[in-house]
Amino acid sequence: MPLYMDIHSIEGGVSVDDVVKAHVADLQTQSRYDVSYLRYWVDEARGKIFCLAEAPSAEAAAAVHREAHGLVADEIYQVQEGS
């Protein structure tokens, strides 16, 4: 299944605690879209969140975020894992 990396930009910064809650909501929603959110990274001060997911499409990955918590990514890229 393809891998997607998405990028969220939250003006004014973001807390890791809020991102944890959003990720839990993603995990509770993802099976409806055949998506698996794998990992995420947070830059609290700059308000950046990066999410890695296996999904059938970028649209499916975005749909999980939209339904789970409404924080739709600003950008989504199909990526390949390297070492």
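Everything discussed here concerns the structure shown above.
Fair warning: this is a prediction, and the values are worked out from it, not measured in the lab. Position labels on residues start from 1 in each chain and follow its written sequence. A pLDDT threshold of at least 70 governs which residues receive local features in this predicted model, and a stricter bar of 80 or more applies before side-chain atom pairs are shown or counted, although totals over entire chains, interfaces and linings include all residues. Where side-chain values are given, they derive from all heavy atoms of the structure, hydrogens and water being excluded.

Caption draft 1: Quick look at the packing of helix 1 (residues 16–29) against helix 2 (residues 58–68). Angles here are taken between N-to-C directions and fall from 0 to 180 degrees, while the axes themselves are lines fitted to C-alpha atoms, restricted in helices to the stretch in contact. Only DSSP runs of H or I covering at least 4 residues are called helices, and only runs of E covering at least 2 are called strands; the numbering of each starts at the N terminus. Relative orientation of the contacting elements helix 1 and helix 2 amounts to 115°, with a least axis distance of 9 Å. Here helix 2 runs roughly perpendicular to helix 1, going by the angle between their axes. In terms of crossing hand, the pair formed by helix 1 and helix 2 is right-handed. On helix 2, the residues touching Ala25, Asp26 and Thr29 of helix 1 are Val64, His65, Glu67 and Ala68. Orientation labels follow simple angle bins: below 35 degrees gives roughly parallel, above 145 gives roughly antiparallel, 65 to 115 gives roughly perpendicular, and whatever is left gives oblique. Crossings are sorted by hand: turned counterclockwise from the far helix by less than a right angle, the near helix makes the crossing left-handed, and turned clockwise it makes it right-handed. Contacts are assigned to residue pairs that have any heavy atoms within 4.5 Å of one another.

Caption draft 2: Seen up close, the nonpolar core. Of all hydrophobic cores here, the largest spans 12 residues; its members are Tyr4, Val14, Val19, Val35, Tyr37, Ile49, Cys51, Ala53, Ala55, Ala60, Ala61 and Val64. The set of elements that each furnish at least two residues to this core consists of strand 3 (48–54) and helix 2. When near neighbours in sequence (up to four residues on either side) are disregarded, valine 14 contacts Val19, Val42, Asp43, Glu44, Gly47, Lys48 and Ile49. We call a set of buried residues a nonpolar core when its members are Ala, Val, Leu, Ile, Met, Phe, Trp, Tyr or Cys and they connect through side-chain atoms within 4.5 Å of each other. We call a residue buried when its accessible area falls under 20% of the maximum for its residue type, exposed when it is over 50%, and partly exposed in between, using a 1.4 Å probe and counting protein chains only.

Caption draft 3: Highlighting the pattern of salt bridges. Should a side-chain nitrogen of Lys or Arg be within 4 Å of a carboxyl oxygen of Asp or Glu, the pair is scored as a salt bridge. Taken as a whole, this structure holds 2 salt bridges when the rule is applied. One salt bridge connects glutamate 67 with arginine 32, and the closest N-O pair in it is separated by 2.8 Å. With glutamate 67 in helix 2 and arginine 32 in the loop between helix 1 and strand 2 (36–43), this residue pair connects regions lying 35 residues apart in the sequence. Glutamate 67 sits in the partly exposed class, given a relative accessible area of 40%. Since its relative accessible area comes to 55%, arginine 32 is described here as exposed.

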